[in-house]
Amino acid sequence: MSRKPAARARPAQAAVAAAQATGVTVRHYCQGIGDCHLLTFKKADGKPFRMLIDCGIHVSIAGGPALVGDIVADIRKETGGKIDILVVTHEHWDHVSGFLTAKDLFKDFVVADVWMAWTENPADAEATELDKFKGQAIAALQGVGQRLDGMQGLSPYMAGVRDGLQSVLGFQFGAAGERVRSARDAAAKLSQKPSPTYFEPGGPPVSIDALPNLRVYVLGPPRDKAALRLEEKASEMFPLASGGPFARALASGLKMNEAADADYVDELSPFERNVGTPLSAALNGDKGSDPAVDIGAFVRKHYSGPVSVAAAMEDRDQSWRRIDADWMGIAADLALQLDRGVNNTSLVLVFEFIDSGHVLLFPGDAQIGNWLSWKDLKWPVGQGTVTSTDLLARTVYLKVAHHGSQNATPEKQGFDLLTSSDLSAFIPTNKVDAMKVHWGEMPYDGILTALETKTKGRVIRADDPWLADKNGKPAFAAPSGSIQAVRSAPRDAARGPGGLWVEVDLA
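Summary of the structure given here. (Residues numbered from 1 in each chain as written. Predicted model: local features only at pLDDT ≥ 70, side-chain atom pairs only at ≥ 80, totals over all residues. Heavy atoms only, no water.)

Looking at the packing of aromatic side chains
In total, this model carries 8 aromatic pairs according to the counting rule given. Arranged with centres 5.0 Å apart and planes meeting at 35°, the rings of phenylalanine 99 and phenylalanine 106 form a pair that is tilted. For phenylalanine 99, a relative accessible area of 1% gives the class buried. The rings of Phe41, Phe351, Phe353 and Phe362 are connected pair by pair, giving a single aromatic cluster. Here the guanidinium or amino end of arginine 27 rests over the ring plane of tryptophan 501, the centre of that ring lying 3.6 Å away. Positioned above the aromatic ring of tryptophan 118, the side-chain terminus of arginine 223 is 4.0 Å from the ring centre. (Phe/Tyr/Trp six-rings, centres within 6.5 Å; stacked < 30°, edge-to-face > 60°. Buried < 20%, exposed > 50% of the residue type's maximum accessible area, 1.4 Å probe, protein only. Lys NZ or Arg CZ within 6 Å of the ring centre and 35° of its normal.)

Below, the structure written as structure tokens:
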């Protein structure tokens, strides 16, 4: 059962300390496509309290592991290797890869506790069901990806499917084939506790003894399966348990094409396996089992006729008629379900400063289904009630979800509720890198425009040019809104241009 932390009573002297210990410094690392954020709170005794949220980079980034190594080395230098809480938002490579690729650097860290969502809890029945879907979907996508990689003459559409699979599977596997599960488990093992602490919405705000001025609210991921749907359309429900019809169909098709498994029966196929002639055999001249019909000649004439000027018009190359690989096109839909569905399992945390009421929102890569599940959440606090709408209205700092993609921050249940005049934001995105992996418009222009307006220009992106200059400054003045000061550090020149990190002091 996932833990729902209970609120703790605080002694009277804690109220005095709370008034003296406020604010936070957030160091965002700028690896482009990936998340890693170091939060430093001030404890009542003046000492730092460190919280690290994720550490990863997308597999497509050239020199990614080395860059993450620089990031982890910087974290160690800044913290002395002591992390009070490590938060792992969800199981995507660009959020957890560093715990595997830089495990030799992390091994000497002292991590007091690891926080994860209920979806990662192996003792949770619903999490196990979700995990089964992920496993079957990944296996099916791997099989399709390997098959498409070995095929020649793919249509433009199927070539796009192949490229898209490579992009999505980059979240699940590293360059050397490491599973994202291994990276997540490596993070879990860093905890000094026997196992991570798992969270879900609905419990009381989390209290941290060393930070009496802070309350932490858990907004997501939801328990409701309907809320894990990929988009707002009812037909886009997130499949669980069996892997869904797409995974079953792909798995069946792949097994039917494995000659070594002659006894496999595909329950979805309209024909018995012994009926018909494999296309590969017909293309090689096999006449088929019926002596009255020359299957090979029929296929050559109508589906693969030779390219020859002397040949009759009807015998010329007819390969354009074939749909050899098109049955694997549904892999695109399955990949989309897997990618966005895992994003919807993000652990979403809200940090509330009790004295000021100011809120910081860290939604991981939460997409529409996760966001929409928050709207009815409420918590009894003191003599009153805190709602999710209230928390969003008091949000003064936003880590933008999923690199600013179009469907990662809703308009009505998201931006429209962020009404604080002090709002500032950070987007962990490199637009050039996003285009290289065929992500299109990321960050999405509509989101950028809305943020620029709401924040009065207080938006920082991981690819901002000024971050490459050790003396660089953002376009907005500081202090402004919730940002009291901004500092940055460029990357080592050997890692290419850009910033290594940008740090903000928040009121």
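Having seen the model, we can carry on.
Regarding the pattern of salt bridges
A complete count under the given rule lists 22 salt bridges for this structure. Where arginine 50 meets glutamate 78, a salt bridge forms, and the shortest distance between an N and an O atom there is 3.9 Å. A residue pair is termed long-range when its members are at least 10 positions apart, and arginine 50 in strand S3 (residues 48–53) and glutamate 78 in helix H2 (residues 64–79) qualify at 28 residues. Owing to a relative accessible area of 11%, arginine 50 belongs among the buried residues under this scheme. For glutamate 78, a relative accessible area of 31% corresponds to the partly exposed category. Each of Arg27, Arg50, Asp74, Glu78, Arg487, Glu503 and Asp505 takes part in salt bridges that share partners, so that together they form one network. (Salt bridge = Lys/Arg side-chain N within 4 Å of Asp/Glu carboxyl O. Helix = DSSP H or I, 4+ residues; strand = E, 2+ residues; numbered from the N terminus.)

Looking at helix H16 (residues 445–455)
Taken as a whole, H16 has its buried residues at Ile447, Leu448, Leu451 and Thr455. One side of H16 holds all its buried residues, which, seen down the axis, span an arc of 100°. Elements that come into contact with the buried residues of H16 comprise strand S13 (395–399), strand S14 (424–427) and strand S15 (459–461). Among the residues trailing H16, lysine 456 stands out with phi positive, at a value near 55°. (Arc of directions from axis to C-beta. Contact = heavy atoms within 4.5 Å.)

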